[in-house]
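A structural walkthrough
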12 protein chains.
Amino acid sequence: MSAITSPLNPEAQKVVAAALQGALVDLLDLSLLGKQAHWNVIGHNFRSLHLQLDEIVAAAREHADTVAERAVAIGANPDGRSSTLAKTTEVHQLEAGYINDGKVVAALTDILESIVRRMRERIEATDEPDPVTQDILIAITQDLEKHHWMLQAQR
Amino acid sequence: MSAITSPLNPEAQKVVAAALQGALVDLLDLSLLGKQAHWNVIGHNFRSLHLQLDEIVAAAREHADTVAERAVAIGANPDGRSSTLAKTTEVHQLEAGYINDGKVVAALTDILESIVRRMRERIEATDEPDPVTQDILIAITQDLEKHHWMLQAQR
Amino acid sequence: MSAITSPLNPEAQKVVAAALQGALVDLLDLSLLGKQAHWNVIGHNFRSLHLQLDEIVAAAREHADTVAERAVAIGANPDGRSSTLAKTTEVHQLEAGYINDGKVVAALTDILESIVRRMRERIEATDEPDPVTQDILIAITQDLEKHHWMLQAQR
Amino acid sequence: MSAITSPLNPEAQKVVAAALQGALVDLLDLSLLGKQAHWNVIGHNFRSLHLQLDEIVAAAREHADTVAERAVAIGANPDGRSSTLAKTTEVHQLEAGYINDGKVVAALTDILESIVRRMRERIEATDEPDPVTQDILIAITQDLEKHHWMLQAQR
Amino acid sequence: MSAITSPLNPEAQKVVAAALQGALVDLLDLSLLGKQAHWNVIGHNFRSLHLQLDEIVAAAREHADTVAERAVAIGANPDGRSSTLAKTTEVHQLEAGYINDGKVVAALTDILESIVRRMRERIEATDEPDPVTQDILIAITQDLEKHHWMLQAQR
Amino acid sequence: MSAITSPLNPEAQKVVAAALQGALVDLLDLSLLGKQAHWNVIGHNFRSLHLQLDEIVAAAREHADTVAERAVAIGANPDGRSSTLAKTTEVHQLEAGYINDGKVVAALTDILESIVRRMRERIEATDEPDPVTQDILIAITQDLEKHHWMLQAQR
Amino acid sequence: MSAITSPLNPEAQKVVAAALQGALVDLLDLSLLGKQAHWNVIGHNFRSLHLQLDEIVAAAREHADTVAERAVAIGANPDGRSSTLAKTTEVHQLEAGYINDGKVVAALTDILESIVRRMRERIEATDEPDPVTQDILIAITQDLEKHHWMLQAQR
Amino acid sequence: MSAITSPLNPEAQKVVAAALQGALVDLLDLSLLGKQAHWNVIGHNFRSLHLQLDEIVAAAREHADTVAERAVAIGANPDGRSSTLAKTTEVHQLEAGYINDGKVVAALTDILESIVRRMRERIEATDEPDPVTQDILIAITQDLEKHHWMLQAQR
Amino acid sequence: MSAITSPLNPEAQKVVAAALQGALVDLLDLSLLGKQAHWNVIGHNFRSLHLQLDEIVAAAREHADTVAERAVAIGANPDGRSSTLAKTTEVHQLEAGYINDGKVVAALTDILESIVRRMRERIEATDEPDPVTQDILIAITQDLEKHHWMLQAQR
Amino acid sequence: MSAITSPLNPEAQKVVAAALQGALVDLLDLSLLGKQAHWNVIGHNFRSLHLQLDEIVAAAREHADTVAERAVAIGANPDGRSSTLAKTTEVHQLEAGYINDGKVVAALTDILESIVRRMRERIEATDEPDPVTQDILIAITQDLEKHHWMLQAQR
Amino acid sequence: MSAITSPLNPEAQKVVAAALQGALVDLLDLSLLGKQAHWNVIGHNFRSLHLQLDEIVAAAREHADTVAERAVAIGANPDGRSSTLAKTTEVHQLEAGYINDGKVVAALTDILESIVRRMRERIEATDEPDPVTQDILIAITQDLEKHHWMLQAQR
Amino acid sequence: MSAITSPLNPEAQKVVAAALQGALVDLLDLSLLGKQAHWNVIGHNFRSLHLQLDEIVAAAREHADTVAERAVAIGANPDGRSSTLAKTTEVHQLEAGYINDGKVVAALTDILESIVRRMRERIEATDEPDPVTQDILIAITQDLEKHHWMLQAQR
């Protein structure tokens, strides 16, 4: 049952599918951790961070959807189940319980920095096999780098 | 570091916190599986299900947020990290890859049925210790039972 | 052909189904009579009542939909056909033809008073078998009692 | 008490009032049966029909209001009470209980076909006595014939 | 300088232009008198009438624009200057100064009744020469008759 | 019947009422002439002027309403009937029939210039007796002078 | 395969179907030529025409949809494929390449004039067999004649 | 003059009326103090608090309206005059003049904590006599506890 | 702790601060009494007044905020606590319990009249020391005088 | 008459213009065939496809506009006339008359597949001469591939 | 080429033009410096200031437009070119590079204070020659003083 | 103080920062000159250009913000102060005073042409060091080239 024909040849498809699945895991886990911090953050900057984290979560969710739908569009199956996330995520995890506002800023800055590094590798990897996918990854990276700046600026 | 004072006594708080954390895991995992199906579903009913699943995901995300914010409001820490989801979820998981539309309907109907069963146990459990939390769980259950009917009606 | 599985046991389901069907008839008939008055009212307060009646009709229609969808969600079939309404309604009917504004206020106040009384009986009846349904009936009753006050206040 | 003066002479008024009252009964009963099917439909096309039926109900309600307000505007009293509907409706009724999706399509197609036939007779009947009313009936018929096509197309 | 070519022959154009100019004067004067009453009305029903009159004015202005633009579209020049209104209006004028609410209802009801009578003559007059214009006049008449009922109903 | 008590003493009221009535006539007649040109303008700049004139009319109508409601608020009766307009307007009138775009610009520029001159006299006249009314007239004048520039700039 | 039953008898249906198919071709070709001019127009009036042409295209597309859906509603198949348009269109075509603004106004005025002429023939043709279709054609013609004026006025 | 009939018996009504009047005073005084802090707060967190306080005020005003309208709906007269507030409020008052941001957080957290404590007593008190009122108080308490967390989290 | 530097000299600031604090008390007490009447009014005009009073309350609240924020902007501390209102208000208070619609109109008309009188004194007082504050007071007075007329007109 | 100067050299302009004209024909013909199917589709999936096809048409129209405006922006004349479409389209045509839902899915899937293939050739062709145009074509291709998946998924 | 006639005499015009040009330079430079800080600010309060600065920029841009359009309306030419700004600005400039959040608050507070001082001089200067312009300057000053408070409050 | 870490190596960062700073100056100066023309343009095309220039200004402002925020996101400091603009702008300046509409079109066309030429050099320069920035510059260039065409087309 391989329902969707791909506009790419098998080899290109394999590379692009891997890049998209990697991005999907990064973005879904970012959305879960963003919410985790949104709920458990405490400190003087609570309200400001509480709101900012929700914007990051909203962006992460929307980008995840774009990435996953692009995967199916090239005939690959995105996998965003919790077990897959838990097993394959490369995102550094937060501790359970309350998190101080300063720590939230530091941790999320690092998380965004590492996701951006992997996104840039994926941009390179997809350049040849599929400029259409590359274009999507570039746009997402631009947005993540903006959120990275906006978090780091308040360190 | 136990920042938020609770309107409940310790015992009541423990029971209510457990109910809310259970609901949180159910709802977050429902949102992930709903998206998984939203992306991988195929079959004649593709478009109709693709849209319906997104409504379920939207509801699950909103309810999860309400439930987690209620947890902090009573001085408990919600935990929605992917590893926690993967380890503690009681939701029956979907297979990877394409899923036939009929199978999506059947699987999600069962998933909603089991979540509803657990939600009703939580409604009972919170009746005594915190009617405010109970009220939230009742409203969410009503919505989940409606989605359950709307899926099952097309079996 | 009993398509929808119920979250309730058969006995509970029977009691709750009866309460919901009773509420459905009350609310649908209220929407028809509200429109009847909306069209046929005359008098100095015409415009005010004409608008107020449409708000009551809108509320009645929305509550009727909630109640009927709740019925299916617990595996019972709502019946809102005109013959069923005509045969089983307990709502006091309006005369045909023009209705004076004072009479509209008096008649609708009485109608809402009697519906509220039956709704409160249904709230009691569903307390044990299904708190989820009870919660719906409570919310509807609150709204009906508000409309009752707003009509009676202009007597 | 005949409050509203008519722009029509008594004879014309009588013909036009009859056409409008007939249309009102047809449209109100269509709205009740559309909701009845909206709630009780089951089958693979559930969601699609559930949504489509609500559009038909919304149209029927709006047209009923237009028709009834036109009646008062020409000095006649519209009657939309449940007993009047039950006694005078010419619309073929649905059975109680669950209705299969295929059956819903077939039954509603027939219902719309018969209402359209009566509406066209009313268009002819009002041509002479009141072109203003005729214009309303023409616009409603156009909309009903569109809904008729959209249902029949999925048979 | 006869800039716009007409889709009508000269004779038809002449009849239709006269009907449209007559309607324009009726509608513009209605909008001025509606405002006059909107400002100067006093009495227990002040607020209700104040709002209702603004709806009549809004309708009159929109219909006047439709009618005037229709005139140019058939190659005739609409004339809506104050001197033309003052000289050719057939609308019964209001007294200057405060107007009691009851008197407002009575006067505007009569004004609308007389405008409707002239509109119906225009509908007949344009039936043969231009069904397109007639369609516009029918729609406007329907709206005016509705406003007439809504005023008269509160007498 | 002098229903509304005035926050001003009789003398002040008299001066202010005269200023407001003058402004009302100017603004209502501007709205009528703006529409007259909106309909009858022809030439290369037709569309641009057609739209711009509607913005002037909208502004004139809104300012007229403000001015008239201010009059009643100080216990004076505004008079905006067509005969009053025709008799007392100081606005230079347009010819009937098509108007060339260049001529529209020239004529309306002059009209606005003369209205502005009279408005500035009213600003001076109301300075002492009622700063509240003066503030309204100042705001309207600012808007009219802006429209004056925007018309004149395209000469 | 003649899926949709017609509310018209075969003869009436044939006449009405022909009128609707003719209108469809006129309107779709108008939308294509409107866009052609929207892109290729140059001259001092560029911006004004560029915007106005898009309004004409939007109107043409919407009317085309109405006309085609009416065709299916009476059991006839609309045909809007490019080859059908090219073969059967009676609309005078534009040259390729840049088009001067003056020429655009002249050409589109003529195109609208000829379409209106054919629409009026269709209004007459459908009067007897189907007043519902006629009503649609009348409304479309009114709009086209308005656009005709608005173009011609700037010649 | 006891205009509104109550759905409750006199005893139940008395208990419920007291609970509602108590809630009204708490909520209105919260809205006044929230504004007081909104205006007089200074410090690094000024902007964040200035906005957050307005959300608390908006919530308090809306809840106060709900509570007061519920009172009339059960036939009791809500009293929200400034003298009543000043005499009966149990809310701890703020000092006049500038308030440091840290102090605002501390004071409002305490105020919300004490209001929540009283609201929970009212929830218990109304359980028996009127579940409809109880439902309203539960929903308000949930919202207040959420605001309490959001303030305390930034201590 | 005198955080905000003033654009005014000390003497001017003192006069202006007094005017603003006076206006704040007037406006906040108006908002409380408006709500008091909004809830307790009865009589034929109930609905009309119920809605109108809410518009007055909304205006009073918005003006109060403007006035208080202006106070801080000139370096003065607004005081809107319930005890301050109760002690310093010059607004005539309403009785507790139901209020007849006629009485509501009369009482609120008087209240607005007295507030307007004080506002006009404040306009005079601030003319010299701060035209910016005066401009705010003028705009608020205009709005209050409009509401005064609209209430009085229905006496 | 070559009005618009190009940011590209003549050779680059020629290649890019050809790619854009090819894309324009593909997209306009897709919009016409999408509508053709939107109107003539029948079968169980009618409603779902009817809506989905309109989304494809909306996308095709918007992309066509982007592509044509890009052409003029580089100094080339887009040609979207029906005769040009009929002569140069490479899109496989649909038969006239009713089309079964399954056939619609299959035919449109193939059409999108072939358009995507040509778009990818154009992406390659424009890479060197104009990365700005290439970026537009990439974005359009991404959207078309998404629609391709969404159609094929329901085969 | 002095296209726009002035409602002011030459002398008055000269004074008013100077005031408006001074305000224009102040406001445009404020918008540039606000953006400069919006981009380069760092520190714990980053997000809060980043948002607040954009509100100041939006206000400055809107006020600049009002001031410039007022200039043309009185027949004077506003000059907002970068060289004019650089040469004539009296606003204290920011250093290049990152700016600490505390420093941003201090610098912008000072900048607003000095602009307000000059605006108040302009209010005085225009009082005699043009109350209409004065009114604009008063409204802008009020807004700037509010922003001044909101910045200074967080020092 | 170099707060933001860069995703680029120092060399790449230097090249990209220069490209972004150059774009920022171009876009900010375009926004200032666009406004300069927006205010001072005169001639028959006044209104059309007045509106079109505001769209160019809005685009320039939004692009400037994107470009400056991208600069900080890669760890570089954007500089948009008036002195920097005046010193480093390469945009050809407009004369002070009224500008004829024809001259505005010519001057702005040239300005856009030169900015586009520089943007294309920046696209090439950033291709290697940072495809994310390049993507932003490409999108902006596309928009500028569209505005260039729309201005030039009316020459």
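All values reported here derive from a predicted model rather than from experimental measurement.

1. Here's the deal with the overall build of chain A
- Of regular secondary structure, chain A possesses five helices and two strands.
- Along chain A, from the amino end to the carboxyl end, the secondary structure elements read α-β-α-α-β-α-α.
- Compactness check: chain A gives a C-alpha radius of gyration of 16 Å against a globular reference of 15 Å for 155 residues, within 12% of the reference.
- The principal-axis extents of the C-alpha atoms in chain A amount to approximately 55 × 30 × 20 Å.
- Within chain A, residue pairs in contact and separated by at least 24 positions form 83% of the contacts whose partners lie at least 6 positions apart.
- Summing over all exposed atoms, chain A offers an accessible surface of approximately 5,300 Å²; the carbon and sulfur share of this is 50%.
- Where the 14 positive side-chain charges of chain A centre and where its 22 negative ones centre are 5 Å apart.

2. Observations regarding the relation of the copies chain I and chain F
- Rotating chain I by 120 degrees and moving it 0.0 Å along the rotation axis overlays it on chain F with an RMSD of 0.0 Å. Those values place the two copies in the arrangement expected of a three-fold rotation axis. Residue Asp-135 of chain I of chain I places its C-alpha closer to the rotation axis than any other residue of that unit, at 4.7 Å.
- Take the interface residues of chain I: only 7% of them recur as interface residues in chain F, which is what a contact between different surfaces looks like.

3. Overview of the packing of helix H1 (residues 10-40) of chain K against helix H2 (residues 46-73) of chain L
- For the pair H1 of chain K and H2 of chain L, interaxial distance at closest approach is 9 Å and the crossing angle is 35 degrees. Between H1 of chain K and H2 of chain L lies a crossing whose hand is right-handed. Side by side, H1 of chain K and H2 of chain L meet where Lys-35, His-38 and Trp-39 of chain K of the first sit next to Ala-64, Asp-65, Ala-68, Glu-69 and Val-72 of chain L of the second.
- Across the contact of H1 of chain K with H2 of chain L, the residue classes break down as four nonpolar, one polar and three charged.

4. Some thoughts on the pattern of salt bridges
- Scanning all chains against the criterion turns up 132 salt bridges over all chains.
- Ionic pairing is found between Arg-120 of chain K and Asp-130 of chain I, a salt bridge with its closest N-O pair at 2.8 Å. Taken together, the residues Arg-120 of chain K in helix H4 (residues 101-127) and Asp-130 of chain I in the loop between helix H4 (101-127) and helix H5 (131-152) connect one chain to another. With respect to class, Arg-120 of chain K is no different from Asp-130 of chain I; both count as buried.
- With a closest N to O distance of 3.0 Å, Asp-26 of chain L and Arg-118 of chain L form a salt bridge. Here Asp-26 of chain L is found in helix H1 (residues 10-40), whereas its partner Arg-118 of chain L is found in helix H4 (residues 101-127), with 92 residues between them in sequence.
- Take Arg-118 of chain L: its relative accessible area is 7%, and that puts it in the buried class.
- Through salt bridges with shared partners, one network takes in Arg-70 and Asp-130 of chain A together with Arg-120 and Glu-145 of chain J.

5. Topic: the interface of chain J and chain G
- Every contact between the two is made by 38 residues of chain J and, on the other side, 39 residues of chain G.
- Overall, the association of chain J and chain G removes approximately 3,200 Å² of surface from exposure, summing both partners, and the carbon and sulfur fraction of that is 57%.
- For the interface between chain J and chain G, the tally reads two salt bridges.
- Linking Asp-65 of chain G and Lys-35 of chain J is a salt bridge whose minimum nitrogen-to-oxygen distance equals 2.7 Å.

6. Re the arrangement of the chains
- Kept free of each other, chain A and chain F leave a smallest C-alpha distance of 39 Å between them.
- There is no contact between chain H and chain L; across them, the least C-alpha separation is 21 Å.

7. A look at the packing of aromatic side chains
- On inspection of all chains with the given rule, the structure shows twelve aromatic pairs over all chains.
- Here Phe-46 of chain A and Trp-149 of chain H contribute two aromatic rings whose centre-to-centre distance is 5.9 Å and whose plane-to-plane angle is 70 degrees, an arrangement assigned as edge-to-face. On the criterion of chain membership, the pair formed by Phe-46 of chain A in helix H2 (residues 46-73) and Trp-149 of chain H in helix H5 (residues 131-152) is interchain, its members lying in two chains. The same class applies to Phe-46 of chain A as to Trp-149 of chain H, namely buried.

8. What about the interface of chain I and chain F?
- Opposite the 15 residues of chain I that make contact, chain F presents 15 residues.
- Both sides of the chain I and chain F interface together cover about 1,200 Å² of buried area, and 58% of this is carbon and sulfur.
- Considering only the side of chain I, the residues that lose the most area to chain F are Arg-120, Gln-142 and Trp-149 of chain I, jointly responsible for 44% of the buried surface there.
- Between chain I and chain F we count five residue pairs in polar contact (both at pLDDT 80 or more) in total.
- Mapped onto the side of chain I that touches chain F, the elements with two or more residues apiece are H4 and H5 of chain I.
- Take the side of chain I that touches chain F: its biggest share by element is ten residues, from H5 of chain I.
- For the side of chain I that touches chain F, the class distribution of residues is six nonpolar, four polar and five charged.

9. Focus: the relation of the copies chain J and chain G
- Superposing chain J onto chain G requires a rotation of 180 degrees together with a translation of 0.0 Å along the rotation axis, leaving an RMSD of 0.0 Å. The relationship between the two copies is best expressed as a two-fold rotation axis. By C-alpha distance to the rotation axis, the residue of chain J lying nearest is Ser-82 of chain J, at 2.8 Å.
- Comparing interface residues between copies, 100% of those in chain J also lie at the interface in chain G; the contact surface is shared.

10. Quick notes on the environment of Arg-61 of chain H
- If you trace the backbone, Arg-61 of chain H turns up in helix H2 (residues 46-73).
- On the accessibility criterion, Arg-61 of chain H (19% relative accessible area) is buried.
- Each C-alpha atom, one on Arg-61 of chain H and one on Leu-30 of chain H, is 8.7 Å from the other, the two residues being 31 residues apart in sequence.
- Sequence-distant contacts of Arg-61 of chain H, that is, excluding residues within four places in its chain, are made with Ser-31 and Lys-35 of chain H together with Arg-61 of chain I.

11. Side note on the UniProt feature "domain: Ferritin/DPS" (unreviewed entry) in chain A
- Look at the UniProt record and you will see "domain: Ferritin/DPS" (unreviewed entry) annotated at residues 18-154 of chain A.
- Secondary structure content for residues 18-154 of chain A is 78% helix and 3% strand, and the end C-alpha separation is 34 Å.

12. So, the environment of Gln-13 of chain B
Residue and element names in this part refer to chain B.
- On the secondary structure map, Gln-13 appears in helix H1 (residues 10-40).
- Expressed as a C-alpha distance, the spacing of Gln-13 and Ala-76, which sit 63 residues apart in the sequence, is 7.8 Å.
- Not counting residues within four places of it along the chain, the set of residues in contact with Gln-13 comprises Ser-6, Leu-8, Ile-74, Gly-75 and Ala-76.

13. Observations regarding helix H5 (residues 131-152) of chain J
- Between its first and last C-alpha atoms H5 of chain J spans 31 Å; for 22 residues at 1.5 Å apiece the expected length is 32 Å, and the two agree.
- Judged by how many residues are buried, H5 of chain J sits mostly within the fold: 17 of 22 residues are covered.

14. As for the environment of Leu-30 of chain B
All names here are of chain B.
- In this structure, Leu-30 sits in helix H1.
- Once the C-alpha coordinates of Leu-30 and Leu-108 are considered, the two residues, 78 residues apart in sequence, prove to be 8.8 Å apart.
- Ignoring any residue separated from it by four or fewer positions in sequence, one finds Leu-30 in contact with Ile-56, Ala-60, Leu-108, Ile-111, Leu-112, Ile-115 and Leu-144.

15. Details of the confidence of the model for chain A
- Mean pLDDT over chain A stands at 96; residues scoring 70 or higher make up 99%.
- In the predicted complex, the global pTM is 0.96; the interface-specific ipTM is 0.96.

16. Quick look at the packing of helix H4 (residues 101-127) of chain J against H5 of chain J
All names here are of chain J.
- At a minimum axis separation of 9 Å, H4 and H5 run at an interaxial angle of 160 degrees. Looking at the two axes, H4 sits roughly antiparallel to H5. Crossing geometry of H4 relative to H5 is assigned as left-handed.
- Grouping the constituent residues of the contact of H4 with H5 by class yields 13 nonpolar, eight polar and five charged.

Analysis parameters
- Residues numbered from 1 in each chain as written.
- Chains lettered and ligands numbered in written order.
- Predicted model: local features only at pLDDT ≥ 70, side-chain atom pairs only at ≥ 80, totals over all residues.
- Heavy atoms only, no water.
- Helix = DSSP H or I, 4+ residues; strand = E, 2+ residues; numbered from the N terminus.
- Rg over C-alpha atoms; globule rule 2.2 N^0.38 Å.
- Contact = heavy atoms within 4.5 Å.
- Areas by Shrake-Rupley, 256 points an atom, 1.4 Å probe, with all protein chains shown as cover.
- Lys, Arg positive; Asp, Glu negative; His and termini not counted.
- Charge placed at Lys NZ, Arg CZ, Asp CG, Glu CD.
- Least-squares fit on C-alpha atoms with pLDDT ≥ 70 in both.
- Axes fitted to C-alpha atoms, helices over the stretch in contact; angles between N-to-C directions.
- Left-handed = near helix turned anticlockwise from the far one by under 90°.
- Nonpolar A, V, L, I, M, F, W, Y, C, P; charged D, E, K, R; others polar.
- Salt bridge = Lys/Arg side-chain N within 4 Å of Asp/Glu carboxyl O.
- Buried < 20%, exposed > 50% of the residue type's maximum accessible area, 1.4 Å probe, protein only.
- Buried area = accessible area lost by both parts, 1.4 Å probe.
- Phe/Tyr/Trp six-rings, centres within 6.5 Å; stacked < 30°, edge-to-face > 60°.
- Polar contact = N/O pair within 3.5 Å; in protein donor to acceptor, adjacent residues only side chain to side chain.
- UniProt positions renumbered as here; feature names shortened; annotations may be inferred.
- Expected span 1.5 Å × (residues − 1).
- pLDDT = per-residue confidence, 0-100.
- Parallel < 35°, antiparallel > 145°, perpendicular 65-115°, else oblique.

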